[in-house]
Amino acid sequence: MFDLRYSVELRPIWNNSVPEEERRLDDIKDKTLDFSCRTDVQTRTYWRAPVIWDGMFDPHIYDKMHNRDRSSVALTVFAVGRYLDAYLGAFLNSAEHHFMVGLPVMYYVFTDVPEKVPDITLAPQRSLKVLKVGKHSRWQDISMMRMKTISDTIDSDIRHNYSHVFCFDVDQVFTDRFGSEALGDSVALLHAHYYQLPKHLFTYDRNLKSKAYMETGDFYYHAAIFGGSWQSVKAITEACYQSIMEDKQNNVEALWHDESHLNKYLWLQKPTRVLSPEYCWDTTIGSRSEIRVERLQWAPKYYDTLRIA
């Protein structure tokens, strides 16, 4: 068993590889964050990006400022094969109650069976668009090829209509506020199973032949959620797709597929905002004193019946 008492190292220095304009991008709203209110957790990275935990922010202030700035959000989710029947309805219905409530939101649902997308009662300023995608023979290809699909959709549609993009896995359920405090230029999520582990236990791809190769990194990020401005998400998905295709040409597949490539990208291009594991919690871990709110929960996984071999 892993010893879960370890914590990730905090280094109080700037990372000079992060451009000054990126450091400033989230600062106006984040001046209201209370970094000292949570002494039990790390609230800031060594490159000064906030790590968002319950108690650090005033939701009313964030909502007011994002409404003033006319922030809007495109949510992308893939529901392919049996995943649609198993998860999509609960995901969308729970999102209507908890995700970016009060802001304009468009759900972009990518599926191979558009006719099976459930009817959802949507609040004002919220819409749903269903886009058909091809069915790949392996679930790994579905996972990796979503990067190109998201990038293409940002180019053709999202960038003209929405300021921010959040990309989600479908096998999750919103259970509490997942609000405007999560918005930023480049947003990453701490993986619930790794945030307390020492770095040598992070499952980076250590295959030297892969474009996702990492000897070490900052954190281990979970690809179940990532987001940011449409410009940043376009850059993330485009870069990850290019790395995936280079690996394919060399008959290489990264250990954790698109998640491995995402971790590599976010190590080189530091996120301006990091979400704590309360934004995507696995209840099988049990209770943790620092997890005061479970904003999104992993749905039960049925890999043996849902995934295509």
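Residues numbered from 1 in each chain as written. Predicted model: local features only at pLDDT ≥ 70, side-chain atom pairs only at ≥ 80, totals over all residues. Heavy atoms only, no water.

A.B. asks: Can you walk me through the overall build of the protein chain in this structure?
C.D. replies: Within the protein chain, the secondary structure is distributed over 8 helices and 10 strands. Looking at the 309 residues of the protein chain, the share that counts as buried comes to 55%. (Helix = DSSP H or I, 4+ residues; strand = E, 2+ residues; numbered from the N terminus. Buried < 20%, exposed > 50% of the residue type's maximum accessible area, 1.4 Å probe, protein only.)

A.B. asks: So what exactly am I meant to see when it comes to the packing of helix α6 (residues 230-249) against helix α7 (residues 258-268) here?
C.D. replies: Two packed helices can be described by the angle between their axes and the distance between those axes. Orientation of α6 relative to α7, taken along the N-to-C sense of each, is 120°, at an axis distance of 9 Å. By the angle class used here, α6 and α7 are oblique. Here the hand of the crossing between α6 and α7 comes out right-handed. Across from A235, I236, A239, C240, S243, I244 and D247 in α6, the residues of α7 making contact are D258, H261, L262 and Y265. (Axes fitted to C-alpha atoms, helices over the stretch in contact; angles between N-to-C directions. Parallel < 35°, antiparallel > 145°, perpendicular 65-115°, else oblique. Left-handed = near helix turned anticlockwise from the far one by under 90°. Contact = heavy atoms within 4.5 Å.)

A.B. asks: I keep staring at the environment of T121 and nothing clicks. Help me out?
C.D. replies: In this fold, T121 is placed in the loop between β3 (105-111) and β4 (126-132). On the basis of relative accessible area, T121 is assigned to the exposed category, the value being 73%. Between the alpha carbons of T121 and N93 there is a distance of 8.0 Å; along the sequence they are 28 residues apart.

A.B. asks: Explain the pairing of strand β7 (residues 186-189) to me, please; I cannot follow it from the model alone.
C.D. replies: Within a regular strand, side chains alternate between the sheet's two faces. Of the two faces of β7, both are covered, the one formed by S186 and A188 as well as the one formed by V187 and L189. Where β7 and strand β8 (residues 225-229) come together, 2 bridges link them in antiparallel fashion. Within β8, the residue paired with S186 across the bridge is G228. When β7 meets strand β9 (residues 273-275), the two strands line up parallel, connected through 3 bridges. Note on β9: the bridge partner recorded for V187 is R273. (Pairing = 2+ DSSP bridges.)

A.B. asks: How should α6 be read in this particular structure?
C.D. replies: Because each turn of an α-helix spans 3.6 residues, side chains separated by three or four positions in sequence point in the same direction. The terminal C-alpha atoms of α6 lie 28 Å apart, and with 20 residues this matches the ideal 28 Å at 1.5 Å per residue to within 8%. Listed as buried for α6 are S232, V233, K234, I236, T237, C240, S243, I244 and D247. With its phi angle positive at about 55°, N251 sits one or two positions after the end of α6. (Expected span 1.5 Å × (residues − 1).)

A.B. asks: Explain the packing of aromatic side chains here, please?
C.D. replies: Evaluated as defined, the whole model comprises 26 aromatic pairs. Chaining the aromatic ring pairs together yields one cluster made of F91, F99, F166, F168, F174, F178 and Y279. The ring of F35 carries R44 above its face, with NZ or CZ at 3.7 Å from the centroid. Over the ring of W47 we find K270, and its NZ or CZ is 5.4 Å from the ring centre. (Phe/Tyr/Trp six-rings, centres within 6.5 Å; stacked < 30°, edge-to-face > 60°. Lys NZ or Arg CZ within 6 Å of the ring centre and 35° of its normal.)

A.B. asks: Looking at this model, I keep getting lost on the pattern of salt bridges. Mind explaining?
C.D. replies: If charged atoms from side chains of opposite charge come close, those side chains can pair. Considering all chains together, one arrives at 20 salt bridges under this definition. The partner of D63 in a salt bridge is R177, with the nearest N and O atoms 2.9 Å apart. Remark: R177 occurs in the loop between β6 (172-174) and β7 and D63 occurs in helix α3 (residues 59-68); sequence separation between them is 114 residues. As a salt-bridge pair, K270 and D218 come within 2.6 Å of each other at their nearest N and O atoms. (Salt bridge = Lys/Arg side-chain N within 4 Å of Asp/Glu carboxyl O.)

A.B. asks: Explanation requested: α7 in the structure shown.
C.D. replies: Most of α7 sits inside the fold, with 9 of its 11 residues counted as buried. Every buried residue belonging to α7 is among D258, E259, S260, H261, L262, N263, K264, Y265 and L266, and all of these are buried.

A.B. asks: Could you clarify how one ought to interpret the side chain of R146 in this entry?
C.D. replies: Here R146 shows up in helix α5 (residues 139-161). Once residues within four sequence positions are removed from consideration, R146 is found in contact with F78, F168, D169, A223, F226 and D258.

A.B. asks: Looking at this structure, how should I read the sheet that holds strand β5 (residues 164-168)?
C.D. replies: Strand pairing in a sheet is mediated by backbone hydrogen bonds. Such pairs are either parallel or antiparallel. Spatially, the 8 strands line up as an open sheet ordered β1-β9-β7-β8-β5-β2-β3-β4, and their pairing is mixed. Two strands bound the open sheet, and with one partner strand each, they are β1 (51-52) and β4. Strand direction decides the pairing type here: strand β2 (residues 73-78) and β5, joined by 5 bridges, are parallel. What sits directly across from V77, in β5, is F168.

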